[in-house]
Amino acid sequence: MMEATNKKASPEKTGLDIEKEKRKQKRLDIVKAAVAYIFLTICAVLAFLPFYWMIISSLKTEDEYRLTQPTFFPREFKWQNYSYMLTSETNGFGQPLFNTILIGVVSTLLGVVVIILTAYALARIEFKGKGILFSLMLATMMIPGELYTITNYVTVSNFGWSNTYIVMILPFLVSIYYVYLLRNTFKSIPESLHKAAKVDGCGKMAFLVKVMIPLAAPTLISVTLLKFIATWNSYIWPQLVNTQDYHLISNWMTSGFTNDGTLYPLTGVGSWAKSESLTTLRMCAACLVSMPLFVLFLFFRKYIMHGVSKSGTKG
């Protein structure tokens, strides 16, 4: 009888208010979420602030940019800065852009083909010394890239490849990290698919093209984009081995960007000397170089995140 009485005891008698505790927990969850969102918003604003400054600076006049007290919104929009950057013969935007697109496309296509074949061999084909070879390949990832620059420069100089497109493509055609990433993706694909394909008379290359590559599409898209972005951002190597005719768009940003009289008069009020470098034009160049990468990330961020984080499919 005593046990039945204890079981039927109300929450009020035990000192607990379930509804009150639920409301308290709900308020606590709201406060936690609000603090998290406020923190993330502040981080996002701080991360975007340099890009905002770059954009508004590219639209300012040189006089406004050099004011002692900076302005966070242009008083006068100088859209002529962009037209000058794109059309001025002294800046030469066309040739570096052509070099970058050509080298980026060719290097990316060839690199992806080699990466696919290498990753497939390490993931699915058994041969002597595969484990040792893969370990040595991974060990090279611990060597700083600056050391490769010296040996690669000596090699291409001995081959006479300086001032050519070849020197921008072959030395950095393949990245071990991308091979490792794609190999893990291939290994995560069930072996049962391979056996079923063999029963249907599908060879190794046919299985790679028809089965492995479609299933590894997110990772392949990530590798392709990252490879192209790495070529687009290349700066030290083309500056070291090539003359200005073979420079990339990142090297073009270090040009003088001086006034030739189109934007500002060379004499009189509001003039700038012909030899003076204009910072607003450099900001324009930075915007032009960064914009394609922003567009690529906005459209393909899902594939990049999925490919890098998952690096494969569940089997």
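**With respect to the overall build of the chain**
Okay, step 1: The number of helices and strands found in the chain is 15 helices and zero strands.
Okay, step 2: Out of the 315 residues belonging to the chain, those deemed buried represent 32%.
Okay, step 3: Of the contacts formed within the chain by residues at least 6 apart in sequence, a portion of 69% connects residues at least 24 apart.
Okay, step 4: Total accessible area on the chain stands at roughly 19,600 Å², and carbon and sulfur atoms take up 67% of it.

**As for unusual backbone geometry**
One can expect most non-glycine residues to show negative phi and most peptide bonds to be in trans.
Okay, step 1: You will see that asparagine 163, though not glycine, has its phi angle at about 60°, which is positive.
Okay, step 2: Within the secondary structure, asparagine 163 is located in the loop between helix H7 (145–159) and helix H8 (166–169).

**A closer look at the pattern of salt bridges**
Okay, step 1: Across all of its chains, the model carries three salt bridges by this definition.
Okay, step 2: Between arginine 124 and glutamate 191 there is a salt bridge, with the nearest N and O atoms lying 2.5 Å from each other. Residue arginine 124 is found in helix H5 (residues 94–124), and its partner glutamate 191 is found in helix H10 (residues 191–199); the two are separated by 67 residues along the sequence.
Okay, step 3: Salt-bridge contacts for glutamate 126 lead to lysine 130; the nearest nitrogen and oxygen are separated by 3.3 Å.
Okay, step 4: Of the residues examined, glutamate 126 reaches a relative accessible area of 66% and is grouped as exposed.

**Overview of the packing of H5 against helix H9 (residues 176–188)**
Okay, step 1: Relative orientation of the contacting elements H5 and H9 amounts to 50°, with a least axis distance of 8 Å. What the angle tells us is that H5 and H9 run oblique. In this structure, H5 meets H9 at a crossing whose hand is right-handed. Contact with H5, carried on its side by Ile115, Ile116, Thr118, Ala119, Tyr120, Leu122, Ala123 and Arg124, involves Tyr178, Val179, Leu182, Arg183, Phe186 and Lys187 of H9 and no other residues of that element.
Okay, step 2: Of the residues in the contact of H5 with H9, the class split is 10 nonpolar, one polar and three charged.

**Section: the packing of aromatic side chains**
Okay, step 1: Enumeration over the complete set of coordinates arrives at 12 aromatic pairs.
Okay, step 2: Seen from their ring centres, phenylalanine 134 and tyrosine 180 are 6.3 Å apart, and the 20° between their planes marks the pair as stacked. Note that phenylalanine 134 is positioned in helix H6 (residues 130–139) and tyrosine 180 in helix H9, a separation of 46 residues in sequence.
Okay, step 3: The class of tyrosine 180 is partly exposed, set by a relative accessible area of 32%.
Okay, step 4: A centroid spacing of 5.0 Å and a plane angle of 55° characterise the contact between phenylalanine 159 and tryptophan 161, whose relative ring orientation is tilted.
Okay, step 5: The partly exposed category is assigned to tryptophan 161, whose relative accessible area is 25%.
Okay, step 6: Joined through ring pairs, the aromatic side chains of Phe73, Phe77 and Trp79 make up one cluster.

**Things to note about the packing of H5 against helix H11 (residues 204–215)**
Okay, step 1: Running from N to C, H5 and H11 point in directions that differ by 100°, and their axes come no closer than 12 Å. Looking at the two axes, H5 sits roughly perpendicular to H11. Between H5 and H11, the residues in contact are Ile116, Leu117, Tyr120 and Arg124 and Lys204, Met205, Phe207, Leu208, Met212 and Ile213, respectively.
Okay, step 2: When grouped by side-chain class, the residues that make up the contact of H5 with H11 number eight nonpolar, no polar and two charged.

**Focus on the environment of phenylalanine 98**
Okay, step 1: Looking at the element boundaries, phenylalanine 98 is found in helix H5.
Okay, step 2: For the pair formed by phenylalanine 98 and histidine 247, sequence separation is 149 residues and the distance between their alpha carbons is 9.9 Å.

**Points about the side chain of serine 222**
Okay, step 1: Checked against the element boundaries, serine 222 lands in helix H12 (residues 217–232).
Okay, step 2: Among the polar contacts made by the side chain of serine 222, one reaches the main-chain carbonyl oxygen of proline 218 at a distance of 2.9 Å.

**Quick word on helix H4 (residues 80–87)**
Okay, step 1: Along H4, the residues that are buried comprise Asn81, Tyr82, Tyr84 and Met85. Projected down its long axis, H4 carries its buried residues within an arc of 160°, all on one side.

**Looking at the confidence of the model for the chain**
Okay, step 1: Here the chain averages 81 in pLDDT, and 87% of its residues register 70 or above.
Okay, step 2: No element of the chain has a lower mean pLDDT than helix H1 (residues 2–7), at 50, and none a higher one than H5, at 90.
Okay, step 3: A low-confidence stretch, residues 311–315 (pLDDT under 50), is modelled with 15 contacts involving residues beyond four sequence positions or located in other chains.

Calculation criteria
Residues numbered from 1 in each chain as written. Predicted model: local features only at pLDDT ≥ 70, side-chain atom pairs only at ≥ 80, totals over all residues. Heavy atoms only, no water. Helix = DSSP H or I, 4+ residues; strand = E, 2+ residues; numbered from the N terminus. Buried < 20%, exposed > 50% of the residue type's maximum accessible area, 1.4 Å probe, protein only. Contact = heavy atoms within 4.5 Å. Areas by Shrake-Rupley, 256 points an atom, 1.4 Å probe, with all protein chains shown as cover. Salt bridge = Lys/Arg side-chain N within 4 Å of Asp/Glu carboxyl O. Axes fitted to C-alpha atoms, helices over the stretch in contact; angles between N-to-C directions. Parallel < 35°, antiparallel > 145°, perpendicular 65-115°, else oblique. Left-handed = near helix turned anticlockwise from the far one by under 90°. Nonpolar A, V, L, I, M, F, W, Y, C, P; charged D, E, K, R; others polar. Phe/Tyr/Trp six-rings, centres within 6.5 Å; stacked < 30°, edge-to-face > 60°. Polar contact = N/O pair within 3.5 Å; in protein donor to acceptor, adjacent residues only side chain to side chain. Arc of directions from axis to C-beta. pLDDT = per-residue confidence, 0-100.

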